Amino acid sequence: MRYLHTMVRVSDLDASLDFYCNKLGLREIRRIENEKGRFTLAFLATPYEAKRIAEDGIESPVVELTYNWDEKGYGGGRNFGHLAYRVTDIYATCESLMAAGVTINRPPRDGRMAFIRSPDGISIELLQDGHLEPKEPWVSMPNTGSW
């Protein structure tokens, strides 16, 4: 397993980039604009990690700023999103977690992504390294709770 990123929702992307980059010293290393989903993702790294990413192409650990274009504000701590980890076999990881009593809130139906929650309710995203073909029982498994 490899730590990938922490996601934080922001209400003003420009102000957040000013804070994280110009004041805190992080560097924007990648941006995704999603017109259909109406969001922007900005991935930030420390100068050290940005250099490693540029040299080795390994993108972690980073902070993901998520700007949802239509959101007007986040209440109740909804601005913190999730931790993310890359795993070598998402199906085996989820099977092991379930055997240990962990609820899979968003099953890996697509062979790529799953979500679980910590005992304190922190959302954790599991991302497959590469892609596995969708398979049962995961394809038919519904979401449980929120993720």
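Starting afresh in each chain, residues are numbered from 1 along the sequence in its written order. Given that this is a predicted model, residues contribute local features only at a pLDDT of at least 70 and side-chain atom pairs are listed and counted only at 80 or more, while totals for whole chains, interfaces and linings are drawn from all residues. With hydrogens and water excluded, all non-hydrogen atoms of the structure serve as input to the side-chain values.

A.B. asks: Just checking my understanding: could you explain the nonpolar core for this structure?
C.D. replies: Most often, soluble globular proteins keep nonpolar side chains buried together rather than apart. Nonpolar cores were defined as sets of buried Ala, Val, Leu, Ile, Met, Phe, Trp, Tyr and Cys residues, with membership established by side-chain atoms within 4.5 Å. Each residue is assigned to one of three classes by its accessible area relative to the maximum for its type, calculated with a 1.4 Å probe on protein chains only: buried under 20%, partly exposed between the two thresholds, exposed over 50%. Core analysis: the largest hydrophobic core is formed by 11 residues, namely Val87, Ile90, Tyr91, Cys94, Ile104, Ala114, Ile116, Ile124, Leu126, Trp138 and Met141. Secondary structure is summarised from DSSP: a helix means a run of H or I of at least four residues, a strand means a run of E of at least two, and numbering begins at the N terminus for each. Listed by contribution, the elements that provide at least two residues to this core are helix 3 (90-99), strand 7 (113-117) and strand 8 (123-128). The greatest single-element share of this core, amounting to three residues, is contributed by helix 3. Residues are treated as being in contact if the distance between any of their heavy atoms lies within 4.5 Å. Setting aside anything within four residues of it in sequence, one finds Ile104 in contact with Cys94, Leu97, Met98, Phe115, Ile116 and Thr144. Ranked by size, the runner-up nonpolar core spans 10 residues in total, among them Val10, Leu13, Cys21 and Ala42.

A.B. asks: Quick question: what am I supposed to make of the sheet that holds strand 6 (residues 104-106) here?
C.D. replies: Either a parallel or an antiparallel arrangement is found when strands of a sheet pair, and the pairing is made through backbone hydrogen bonds. Taken together, eight strands build an open sheet; the order of strands is 2-3-4-1-5-8-7-6 and the sheet is mixed. Of all strands in the sheet, those with a lone pairing partner are strand 2 (27-34) and strand 6, marking the two edges. In this sheet, neighbouring strand axes are inclined to one another by 30° on average, regardless of whether the strands run parallel or antiparallel. The sheet contact formed by strand 7 and strand 8 spans five bridges and is antiparallel. Bridge assignment links Met113 to a residue of strand 8, and that residue is Leu127. Sheet strands in contact with helix 1 (residues 13-23) are strand 1 (2-9), strand 2, strand 3 (39-45) and strand 4 (62-68), and its direction is about 5° off that of strand 3. Only when DSSP finds a minimum of two bridges between them are two strands counted as paired. Axis definition: a line fitted to C-alpha atoms, limited for helices to the stretch in contact. Angles are taken between N-to-C directions and run from 0 to 180 degrees.

A.B. asks: Hey, could you run me through the packing of aromatic side chains in this one?
C.D. replies: To describe a pair of aromatic rings, one takes the distance between the centres and the angle between the planes. Ring geometry is summarised as follows: Phe, Tyr and Trp rings, the Trp one being its six-membered ring, pair when their centres sit within 6.5 Å, and such pairs are stacked at plane angles under 30 degrees, edge-to-face over 60 and tilted between the two. Taken as a whole and assessed by the stated rule, the structure comprises four aromatic pairs. Taking the centre distance of 5.0 Å and the plane angle of 80° together, the rings of Phe19 and Tyr20 count as edge-to-face. Look at Phe19 and you get partly exposed, because its relative accessible area is 44%.

Take it as geometry only, folks, not as evidence of what the structure does.
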